[in-house]
Every structure is written in structure tokens, then in C-alpha cells.
Amino acid sequence: MTISPSPNAPPSRGQVALALLDFLKRELGNACVLGDARELPEQIDSDLDIAIPNVVGPKIDTLIVEFARHNGVSLVQLFRHETSGWYYVLAWQGSDRRWLFLCADLCTDYRRVGRLLLTSEALLNSPTGARDRAGTPKPFDVPEPGSAFIYYLMKRVDKNALSKTACDYLSSIYNSGPQACETALDQHWSATWSNRLGDAVRNDDWSDIRQTVPALRSDLHRQHRVGPVEWIVERARRASRLV
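Okay, so let's go over this structure.

The rules behind these values
- Residues numbered from 1 in each chain as written.
- Predicted model: local features only at pLDDT ≥ 70, side-chain atom pairs only at ≥ 80, totals over all residues.
- Heavy atoms only, no water.
- Phe/Tyr/Trp six-rings, centres within 6.5 Å; stacked < 30°, edge-to-face > 60°.
- Helix = DSSP H or I, 4+ residues; strand = E, 2+ residues; numbered from the N terminus.
- Buried < 20%, exposed > 50% of the residue type's maximum accessible area, 1.4 Å probe, protein only.
- Axes fitted to C-alpha atoms, helices over the stretch in contact; angles between N-to-C directions.
- Contact = heavy atoms within 4.5 Å.
- Parallel < 35°, antiparallel > 145°, perpendicular 65-115°, else oblique.
- Left-handed = near helix turned anticlockwise from the far one by under 90°.
- Nonpolar A, V, L, I, M, F, W, Y, C, P; charged D, E, K, R; others polar.
- Pairing = 2+ DSSP bridges.
- Arc of directions from axis to C-beta.

## Some words on the packing of aromatic side chains
Then comes step 1: Evaluated as defined, the whole model comprises five aromatic pairs.
Then comes step 2: For the ring pair Tyr152 and Tyr169, a centre distance of 4.9 Å and an interplane angle of 85° mean the geometry is edge-to-face. With Tyr152 in helix H4 (residues 145–158) and Tyr169 in helix H5 (residues 164–176), the pair connects residues that are 17 residues apart, well separated along the chain. The same class applies to Tyr152 as to Tyr169, namely buried.

So this is what it looks like as C-alpha cells:
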């Protein structure tokens, strides 16, 4: 998909987002939206989080520059916020001459401060077509339920931001694939916390879990320790941003 340039009808943020997703899938073979995508592309409240294959390397910057050039938008900011994560800000003028922005956060492996939480292979294994709240299909992919569930849970727990809205979304993913979600819990938390999380989502009652997020976060970190090589690479990445 390429955005058709028209001075009388500049593209919306949703149109640019769909064009970017289509471009990445075509060029890389796979691309999935991460997080709650039920309102996309009509409503984009924050960054557009996208998982891409773990074979990209430095090629990704070149691809985003190519996308911007071919679609009449400007790449105004880019930086590497993780060893496997890249952040791009695309900008263009709307019909009222005000600037519009799309912030795209791309990752291969999902890391938080150097800590490997999910591999690209896990995120992109058996992707499925996205759907809105009513079940209507959308023209892009999301991870299968187990990976979508555990990614979003890890992200909200690690940010200490497990809101009621986030829990409602997690429950909705669980209902679409309970066995895959429970398997993912067993893989990424200790038995004690996996059982407590499983009880919460099965009963759709997250009140106890929301009161113990710091302890849940500590357990997540114990299960996913930063190794010496990862620590060195992360320190080098941070140092490179100061140069």
C-alpha cells in the first residue's frame, strides 16, 4: 500500500499507519501490531508498536527512509531505544497546514532496559488478523493470543501501569485463547505468580494483582535476568546516545 499524494487531501494518521504496516510486511515478510489495536487505525492514542523479524539489523533505518520518501512524509526523528528497538517519528502537514505526527516503535526481540523478555520468533509465531471490539476484521496482523497476552502483561507490569483498562483488555485476549495464555504465564513467571495471575484472569478479578504489581515485577525480573553480555551491550548502546 502506498499513500496517494494529494495536496487537497493529505493522509490521516491512520492511513500512514496502514501504509507503513503494509510496507514492512511486504519488505520483511512479517509485521505485527503490538498492544491494544482494537481502535486502530481510526484512533491512534500513542505510539504504534510493531514487531518485525529478527533479521533486520541496520537495514531498518534505510527502509523507513525509503518509506518516508515514497509516501511524501518526513522522517524527523529516529533513535535506538533498546538494542533491538528503534523509534521513528514521521511528520506531514494536514489540510489545515498543521503538522501531523506518527510515532512508530519497532522491535525485533522485546527488551526492557536490555532485559530480554520475548523473542521476535515468539512475537511473530502464527500471527492472526486483527479485529475490532465487534469482531470485524482489520487489514493488519497481531500476534497469536498467547504472545499478545504475555507481551501486554509484561509491558504493563514492568511499567508499573496495570490499570483497570489494561486488565480488561488482557481478559479479552485470554478469552480468545485461554490455553495459550496460561502456557505463556508458566513460561515467564514463577509457579506461585503464574497461579495467581491465572486465577485473576480466569475469574476476571484483577484487584489483588493490581495491589501487588511491584512484587510481580520483581518476580518477572528474576525469571529474566540480564546476562553479562546483554549488560555490556546495553551499556554500549546508552553510551552511544551520549556521543
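So much for the structure itself; the text now carries on.
## Re the packing of H5 against helix H6 (residues 178–188)
Then comes step 1: One can describe the packing of H5 onto H6 by two numbers: an axis separation of 5 Å at closest approach and a directional angle of 115°. Together, Ile173, Tyr174, Asn175 and Ser176 of H5 and Pro178, Cys181 and Glu182 of H6 make up the contact between the two elements.

## Examining the packing of H6 against helix H7 (residues 191–202)
Then comes step 1: Packing of H6 against H7 brings their axes to within 9 Å, and their N-to-C directions diverge by 155°. One element, H6, and the other, H7, form an angle in the roughly antiparallel class. Judged by the twist between their axes, the crossing of H6 over H7 is right-handed. Across from Glu182, Leu185 and Asp186 in H6, the residues of H7 making contact are Ser194, Leu197, Gly198 and Arg202.
Then comes step 2: Among the residues forming the contact of H6 with H7, the class breakdown is two nonpolar, two polar and three charged.

## Side note on the side chain of Ser190
Then comes step 1: Counting through the fold element by element, Ser190 comes out in the loop between H6 and H7.
Then comes step 2: You can call Ser190 buried: its relative accessible area is 18%.
Then comes step 3: Sequence-distant contacts of Ser190, that is, excluding residues within four places in its chain, are made with Asp219 and Gln223.

## Looking at the pairing of strand E3 (residues 74–82)
Then comes step 1: Across seven bridges, the pairing between E3 and strand E4 (residues 85–93) is antiparallel. Counterpart to Leu78 in the pairing with E4 is Tyr88.
Then comes step 2: Hairpin connection, E3 to E4: the antiparallel pair is bridged by two residues.

## Remarks on H6
An α-helix turns once per 3.6 residues; consequently, residues spaced three or four apart project the same way.
Then comes step 1: Considered for burial, the residues of H6 that qualify are Cys181, Ala184, Leu185 and His188. The buried residues of H6 all sit within an arc of 105° when viewed along its axis, so they share a single face. Opposite its buried face, H6 presents the exposed residues Gln179, Asp186 and Gln187, each directed more than 90 degrees away.

## Quick look at unusual backbone geometry
Then comes step 1: Each neighbour pair has its own omega, and for Leu40 with Pro41 the value is -5°, a cis peptide bond.
Then comes step 2: Take Pro41: it is sitting in the loop between strand E1 (32–33) and strand E2 (48–51).
Then comes step 3: At Ser126, a position not held by glycine, the phi torsion is positive, near 55°.
Then comes step 4: Assignment of secondary structure puts Ser126 in the loop between helix H3 (120–123) and strand E8 (128–131).
Then comes step 5: In this structure, Asp204 is a non-glycine residue whose phi angle is positive, near 50°.

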